[in-house]
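Remarks on the overall topology
Listed below, chain by chain, are the residues.
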Amino acid sequence: MQLFNNFVLATKYSLTFSRINGIWLRNIQCRCLSSIQENSTAKNSSNVPAANATERISHEQKTQSQRSQNSLHIAVIGVPNAGKSTFINNLINHRVCPTSSKVHTTRKASKAIYTSGQTQLVFYDTPGLVTPREIKRHNLEQNFKSAYKHAIQHADIIACMHDVSNSWSRNALHSTVLETLNEYKHLPSFLILNKIDALKSKRVLLELIRVLTNDTISSTQSLWSRKQKNRSKRIEETQDKSPALSEEKKEKDVSWSNFQEVFLVSSLTGSGLNDIHDYLVKVAKERAWEYSKGSFTDETPEAIVVESVRARLLDYLPQEIPYNLHSQIEYYSEEKGTIYASVEVTCPSSRIERLICGESNGKLKQITERVTSDLVETFGKPISLTIATRSKKANESKKI
Ligand SMILES: Nc1nc2c(ncn2[C@@H]2O[C@H](COP(=O)(O)OP(=O)(O)OP(=O)(O)O)[C@@H](O)[C@H]2O)c(=O)[nH]1
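These remarks concern the structure in this document. (Residues numbered from 1 in each chain as written. Predicted model: local features only at pLDDT ≥ 70, side-chain atom pairs only at ≥ 80, totals over all residues. Heavy atoms only, no water.)

Comments concerning the pattern of salt bridges
The condition that has to hold: Any Lys or Arg side-chain nitrogen found within 4 Å of a carboxyl oxygen on Asp or Glu counts as a salt bridge. Note on conventions: DSSP H or I runs of at least 4 residues are helices, E runs of at least 2 residues are strands, and numbering of each starts at the N terminus. Only protein chains enter the accessibility calculation, which uses a 1.4 Å probe. A residue is then buried if its area is under 20% of the maximum for its type, exposed if over 50%, and partly exposed in between.
If you walk through the whole model with that rule in mind, you get twelve salt bridges. Note that Lys-149 and Glu-183 form a salt bridge whose closest N and O atoms lie 3.3 Å from each other. Of this pair, Lys-149 sits in helix α5 (residues 144–153) while Glu-183 sits in helix α6 (residues 175–183), and the two are 34 residues apart along the sequence. On the accessibility criterion, Glu-183 (43% relative accessible area) is partly exposed. For Asp-315, the salt bridge identified is with Arg-312, shortest N-O distance 2.6 Å. Here the residue Asp-315 and the residue Arg-312 both occupy positions in helix α10 (residues 301–316), the gap between them amounting to three residues, near one helical turn.

A closer look at helix α12 (residues 362–379)
Just so we agree on the cut-off: To estimate how far a helix should extend, the number of its residues minus one is multiplied by 1.5 Å.
Taking 1.5 Å per residue as the helical rise, α12 with its 18 residues ought to reach 26 Å, and the 26 Å between its terminal C-alpha atoms agrees with that figure. Restricting attention to buried positions, one finds in α12 the residues Leu-364, Ile-367, Thr-368, Val-371, Thr-372, Asp-374, Leu-375, Val-376, Thr-378 and Phe-379.

Brief notes about the nonpolar core
Cut-off, in case you're wondering: Definition used in this section: a nonpolar core is a set of buried Ala, Val, Leu, Ile, Met, Phe, Trp, Tyr and Cys residues joined via side-chain atoms within 4.5 Å. What makes two residues a contact is simply this: any of their non-hydrogen atoms within 4.5 Å.
Ranked by size, the top nonpolar core spans 28 residues in total, and within it Ile-74, Phe-87, Phe-123, Phe-190, Ile-276 and Leu-280 carry the most contacts. Those elements that place two or more of their residues in this core are β3 (70–77), α3 (84–92), β4 (110–116), β5 (119–125), β6 (157–163), β7 (189–194) and α9 (273–283). Among the elements that line this core, the one with the most residues is α9, at five residues. Among residues more than four places away in sequence, those in contact with Ile-276 are Phe-87, Leu-91, Phe-190, Ile-192, Phe-263 and Val-265. In this structure, Leu-178, Ile-209, Leu-212 and Trp-256 belong to the second largest nonpolar core, which totals 27 residues.

Observations concerning the site of the ligand
Test applied: Being near a molecule or strand, for a residue, comes down to having at least one heavy atom within 4 Å of it. In the analysis that follows, any N or O atom pair within 3.5 Å is treated as a polar contact, provided that within protein one partner can donate a hydrogen and the other can accept it, and provided that, for residues neighboring in sequence, both atoms belong to side chains. Note on areas: these come from Shrake-Rupley sampling with a 1.4 Å probe, and a residue is covered only by the protein chains present in the view.
Taken together, 21 residues surround the ligand, and among them Lys-84, Thr-86, His-104, Thr-106 and Asp-197 come closest. Separating an oxygen atom of the ligand from a side-chain N or O atom of Asn-194 is a distance of 3.2 Å. At a separation of 3.3 Å, an oxygen atom of the ligand approaches a polar side-chain atom of Ser-266. Within the complex, 88% of the 650 Å² of free accessible area of the ligand lies under protein. The leading source of residues in the shell around the ligand is α3, at three residues.

With respect to empty space enclosed by the protein
For clarity, the threshold we go by: Cavities and pockets were defined on a 1 Å grid built from protein atoms only: a cavity is a group of points that admits a 1.4 Å probe but offers it no way out, a pocket is an open group of points flanked by protein on both sides within 12 Å along at least five of seven lines, and a lining residue is one with an atom within 4 Å of any such point. Grid points are joined across faces, edges and corners, and a volume is the space filled by probe spheres set on the points. Amino acid classes used here: Ala, Val, Leu, Ile, Met, Phe, Trp, Tyr, Cys and Pro are nonpolar; Asp, Glu, Lys and Arg are charged; the rest, including Gly, are polar. Here the limits of each domain have been adopted from an automatic or database domain assignment.
Summed over the entire model, instances satisfying the criterion amount to four cavities of 30 Å³ or more. Within this model, the largest cavity holds a volume of roughly 150 Å³. Around the largest cavity, the lining comprises 13 residues; the ones closest to its centre are Pro-98, Lys-108, Ser-110, Glu-299 and Glu-307. The element best represented in the lining of the largest cavity is α10, accounting for three residues. Looking at the lining of the largest cavity, its residues break down into five nonpolar, three polar and five charged. There are two domains that each give the lining of the largest cavity at least three residues, and those are domain 1 (2–34 + 300–399) and domain 2 (68–286). For the second largest cavity, the calculated volume is near 70 Å³. Around the second largest cavity sit Arg-95, Val-96, Cys-97, Pro-98, Thr-99, Ile-304, Ser-308, Ala-311, Arg-312, Asp-374 and Thr-378, which together line it. Every element with two or more residues in the lining of the second largest cavity is listed here: α10 and α12. Of the residues forming the lining of the second largest cavity, the biggest block, four residues, is contributed by α10.

Considering the layout of surface pockets
Of the volumes computed, that of the largest pocket is approximately 740 Å³. As for the largest pocket, its lining consists of 40 residues, of which Thr-86, Arg-95, Thr-99, Ser-100 and Leu-268 are closest to the centre. Breaking the lining of the largest pocket down by element, the ones donating at least two residues are α1 (2–10), α3, α10 and α12. With five residues, α3 is the single largest residue contributor to the lining of the largest pocket. Taken together, the residues that form the lining of the largest pocket break down as nine nonpolar, 21 polar and ten charged. Split by domain, the residues of the lining of the largest pocket number at least three in each of domain 1 (2–34 + 300–399) and domain 2 (68–286).

Have a look at this one:
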């Protein structure tokens, strides 16, 4: 449903193309979009000394309102392509994390922030959990594996995303996921069975819940709304018992016994996301917000532009080719409410560069259009984007 909304929003943009100095520019005017706000820490404002009575009152009011603020930091983990970024974007109803149909779209842990009522949810979108072999195969950065650790260390709870659409892998939690859950067993965790829309028969889900939770959560229990009453008690009990559990009881190597809850969702269609939202709001901790109300991410706009280009290159180019490209920002500015950005994509050879550009630069134009509309959704502002390709060997560049 949320995707449909995005589509409706997208139809409100008027699109124009212009070619300046041989460069295709696509200017998108959007009519009714809110603007993304700069991140600023709300926390620090409590340290400002009140200079006079009025300031003191407003300071006290602020402190009072901070006292009633809740927040929760959620690390979303899972194997590559499980749907972590899609889940976060659709739960917070804002396109913050780049997504693609290929694995390893997310290369570093980034935050997506959602504030509703008194509660601020901070999601950590983490790179897919990988083995050293996969790091080599997909030319991943050396710090790829440690990126999610940094995220989990700052999390209050772990959301474990499991793709049920793949009949080969759905019957077991991946070894990297189990290793991570075990390493951070002091943190509460919950299981998300994602992509249920792709299942022909939902009956398989009951057995999956049984197997993946080691029979500790039954399918009827997994409906969160039915067990809210026992929730707090159970979290405390599990947290106390976690270390002992791991010593006394050996986990089956496909399951995890300490999940607090199980949710069945389709991140793509939005089905089941409201239940997770309500659950997270309920378990949020009484704590002052770290970000101001309008913040959606802690990423710089330049980084968002580059990552969005990278994500669409993954979508549009075959096999391993996009993994060998290097994208970097050439230019970024904002003038009169419009973003102007240029990204350079370095290709390993002119053959690959030709492949990206396509006949008469048709493919590069398509990619540029797609990234542009992604970025309009993210920033809520018109954007004029240029993607330039350059071959490492030929040292010449093409621009669209
Ligand atoms: N059918 C279906 N597809 C989904 C769902 N959620 C995500 N996808 C698709 O799965 C693919 C991967 O989604 P991402 O959100 O990029 O996955 P990720 O886990 O962040 O991937 P990495 O960056 O590799 O870690 C995309 O093509 C999504 O459209 C879902 O609920 N149903």
